[in-house]
Each structure stands twice: as C-alpha cells, then as structure tokens.
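So you can see what is in the structure, the chains are spelled out below.
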Amino acid sequence: MWLFSSKAPSGFSASSTAEEVTEGIDGNGLTAIVTGVSSGIGTETARVLALRGVHVVMAVRNMTAGGEVRETIMKENPYAKLHAMELDLSSMDSVKKFASDFKSTGLQLNILINNAGVMATPFMFSKDNIELQFATNHIGHFLLTNLLLENMKETAQITGKEGRIVNVSSRRHKFSYREGIRFDKINDQSGYNSLSAYGQSKLANVLHANELARRLKEDGLEITANSVHPGAIATNLFRHHSFVSGLINLLGKYVIKNVQQTVTLLKQAHKLKTIIWQESSGILAWI
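Residues numbered from 1 in each chain as written. Predicted model: local features only at pLDDT ≥ 70, side-chain atom pairs only at ≥ 80, totals over all residues. Heavy atoms only, no water.

Peer 1: Would you explain the overall build of the chain in this entry?
Peer 2: When its secondary structure is counted, the chain shows eight helices and eight strands. For the chain, the residues scored as buried account for 52% of the 287 residues in total. Looking at the chain alone, contacts between residues at least 24 apart form 73% of all its contacts between residues at least 6 apart. About 13500 Å² of surface is accessible on the chain, with carbon and sulfur atoms providing 53% of the total. (Helix = DSSP H or I, 4+ residues; strand = E, 2+ residues; numbered from the N terminus. Buried < 20%, exposed > 50% of the residue type's maximum accessible area, 1.4 Å probe, protein only. Contact = heavy atoms within 4.5 Å. Areas by Shrake-Rupley, 256 points an atom, 1.4 Å probe, with all protein chains shown as cover.)

Peer 1: Quick question: what am I supposed to make of the pairing of strand β3 (residues 82-86) here?
Peer 2: Each regular strand displays side chains that alternate between the two surfaces of the sheet. Here five bridges tie strand β2 (residues 55-60) to β3, and the two strands are oriented parallel to one another. Looking across to β3, one finds that V60 is bridged to E86. Considered for its hand, the β-α-β crossover made up of β2, helix α3 (residues 63-76) and β3 is right-handed. (Pairing = 2+ DSSP bridges. Right-handed = clockwise from strand over helix to strand, strands pointing away.)

Peer 1: What should I look at first to understand the pairing of strand β5 (residues 163-168) in this one?
Peer 2: Most of β5 is tucked away, with six of its six residues classed as buried. With burial as the criterion, each face of β5 is covered, one bearing G163, I165 and N167 and the other bearing R164, V166 and V168. Two strands pair when backbone bridges link them, and strand β4 (residues 111-114) and β5 are joined in this way by four bridges, in the parallel orientation. Bridge pairing in β5 links I113 to V166. Regarding topology, helix α5 (residues 132-159) serves as the crossover connection from β4 to the parallel β5, and that connection is right-handed. Regarding topology, helix α6 (residues 194-218) serves as the crossover connection from β5 to the parallel strand β6 (residues 223-228), and that connection is right-handed.

Peer 1: Please clarify how the packing of aromatic side chains should be interpreted in this entry.
Peer 2: Each aromatic ring pair is summarised here by two numbers: the centre-to-centre distance and the angle between the ring planes. For the structure on display, the rule yields two aromatic pairs. Relative to F125, the ring of F123 has its centre 5.1 Å away and its plane inclined at 80 degrees; by these criteria the two rings are edge-to-face. Exposure remark for F123: the relative accessible area of 17% places this residue in the buried category. Judged by relative accessible area, which is 42%, F125 ranks as partly exposed. Cation over ring: R182 sits above Y177, and NZ or CZ is 3.8 Å from the ring centre. (Phe/Tyr/Trp six-rings, centres within 6.5 Å; stacked < 30°, edge-to-face > 60°. Lys NZ or Arg CZ within 6 Å of the ring centre and 35° of its normal.)

Peer 1: Help me understand the sheet that holds β6, please; the structure alone is not making it clear to me.
Peer 2: For sheets, the rule is that strands pair by backbone hydrogen bonds, running either parallel or antiparallel. Strand order in this open sheet of six strands is β3-β2-β1-β4-β5-β6, and the pairing throughout is parallel. Lying at the two open borders of the sheet, with one neighbouring strand each, are β3 and β6. Averaged over all pairs of adjacent strands, the angle between their axes in this sheet comes to 15 degrees, without regard to strand direction. The sheet contacts of α5 involve β1 (31-35), β4, β5 and β6, and relative to β4 the element is tilted by about 165 degrees. (Axes fitted to C-alpha atoms, helices over the stretch in contact; angles between N-to-C directions.)

Peer 1: When you look at the environment of I139 in this model, what are you seeing that I'm missing?
Peer 2: Following the sequence through the fold, I139 ends up in helix α5. Spatially, the C-alpha atoms of I139 and L89 are 7.9 Å apart, while their sequence positions differ by 50 residues.

Peer 1: How should the packing of helix α4 (residues 92-105) against α5 be read in this particular structure?
Peer 2: Packed helix pairs are specified by the crossing angle of their axes together with the interaxial distance, meaning the distance between the axes. Interhelical geometry of α4 versus α5 gives an angle of 25 degrees and a closest axis separation of 9 Å. Considering the angle they form, α4 stands roughly parallel to α5. Where α4 crosses over α5, the two elements pack in a sense that is right-handed. Along its contact with α4, which presents M92, V95, K96, F98, A99, F102 and K103, the element α5 presents I139, G140, L143, L144, L147, L148 and N151. (Parallel < 35°, antiparallel > 145°, perpendicular 65-115°, else oblique. Left-handed = near helix turned anticlockwise from the far one by under 90°.)

Peer 1: Before we go on, may I ask you to explain the pattern of salt bridges in this structure?
Peer 2: A side chain of one charge can pair with a side chain of the opposite charge when the charged atoms of the two come close. Summed over all chains, the structure comprises eleven salt bridges. For K97, the salt bridge identified is with D101, shortest N-O distance 2.8 Å. Taken as a pair, K97 and D101 lie in helix α4 at a separation of four residues, close to a single helical turn. For D101, a relative accessible area of 30% puts it in the partly exposed group. Several salt bridges converge on common partners, so that one network encompasses E19, E44, R47 and E76. (Salt bridge = Lys/Arg side-chain N within 4 Å of Asp/Glu carboxyl O.)

Following this line, the structure appears as structure tokens:
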C-alpha cells in the first residue's frame, strides 16, 4: 500500500500494480531474461511477464530458490513459459557460462532486465577479487549485457520488434562517494562506506544505460536502454541492516510500495515510452 499517491496523466499511480498497468498487453512471441528472480522485484517481474505470455528465462544464483519460484508461478499460471538458469553475477566465469548456455538454446532475446543486486553489504570481495557490490550490481550486468547484445540485435532485425534493456538502478545513485565512482579505489577497504558503495554501483548502472542508449541510437538499432528507479519497495534488499529491515517490516506497508506495485520495469519492457519514478511526489511521469 502507498498512502501518498496521486494519479498521473497515464491514469496510474504509485499504488498501481504491475498486473494493472500491463493489462491488455500481449507478450506472446517475446523472450525475456530477468536476473535476480528468486525474490522481490525479480519474482514479480517474471510472474507478470509470464502472465502476459512472455517466455521468461529466470537467471538465478540459487537454483533451488529459483525452482521454487517457478513452481509457485506455474501453479498460478499453468501455461507460463519460464525456466531457471544459473547465474552468479559476482563471478565473471558464471556470467560467461550463462551467456554461452543461453545462446545454445537458440532462443531469441527481446528483453533483458538487469534486476539482481546486493545492498549495503559489509566489505567483501567477489570471486574475481572486486568489491562485492560493484562486482555484482554493475560489472556482472555490464558483462552480461555485452555478451548478449548481438543476440538482441539479431532478434530486433529478424522480428522487427524493438528490444529493451533495463538496468534497475536506485535513487541512491545520487549519493555515491563524493567523487562519484572511485575507479582507483574500488577495492579500498579503509575508505569503504557500505551505502556509498551501493550508490556507486547504482551510479554505474545509470551511466552504463546512458552510454549504451547513445551508442544504440547512433548505430540506428531498434533497441533501447534505460535505467530505472523502481521506488522504495519492501524487499529483502535491506537484510544486511537489521534495524532498517525491522522498520520496513513494521511500517513499510504504510509508506513504501510492495512488490506487486513494481510497475516501472514492466512498462519499460513493453511500451515505447520511458517512465521516471518521481519519489518525492509519488507520480509516474511520462517522457
């Protein structure tokens, strides 16, 4: 529930659900990869895309959890076209293997939603010895996108349907370190701040999408790239901060959105317009 919402010109508000804003959309014939589907936004995105007929590839680190999500969705929608594939974004080898395995399926690729992420973790390294948040939230998705870009180009050319790349960022991108992205200090533990490091990774998501969008447009390709702030949503992303997590569990239903109200990602995936979530006013603005 969201208490402070008003309807935008689109007719939707911050309390609108993904099902509501995608009603009437026919996604049959489309294939989407969604990362981080084992919980939260990823689960709901996969569920509603499948509900609209999209073939969803669930890219998950925990295959057991991914299988449980798939089983739950299939019980609700026996005709859903989805399957889970293993992907650990903190490992470049895992990303490369996922891309190779996906290509071997022969599936086309219309939509790539880079959703998975970790937030405000204690300082630790990825499997490639890169600070975990930057490695998982940015490097892994950056590599994944590059490895799958040719598939998306071919799909757009063959089908004549515009492709979509969506990076799930955060309003926190405005609150990175003072110097922005600390390229020469990514692995500097002495100056590490968990929330600033998260903001740094989310800023990288935005810059990646902006530059990719520019290049795709310059090359005349029918693929768009956008970064989105989905709004404040009650998920397990705050699990590394027990106090914040407790507040969300207690008060979240009154002041922040639930995962069913994850409208931004699904609109981005299907429509030819961009949605900006304006958190301060609780309005979805069309540009």
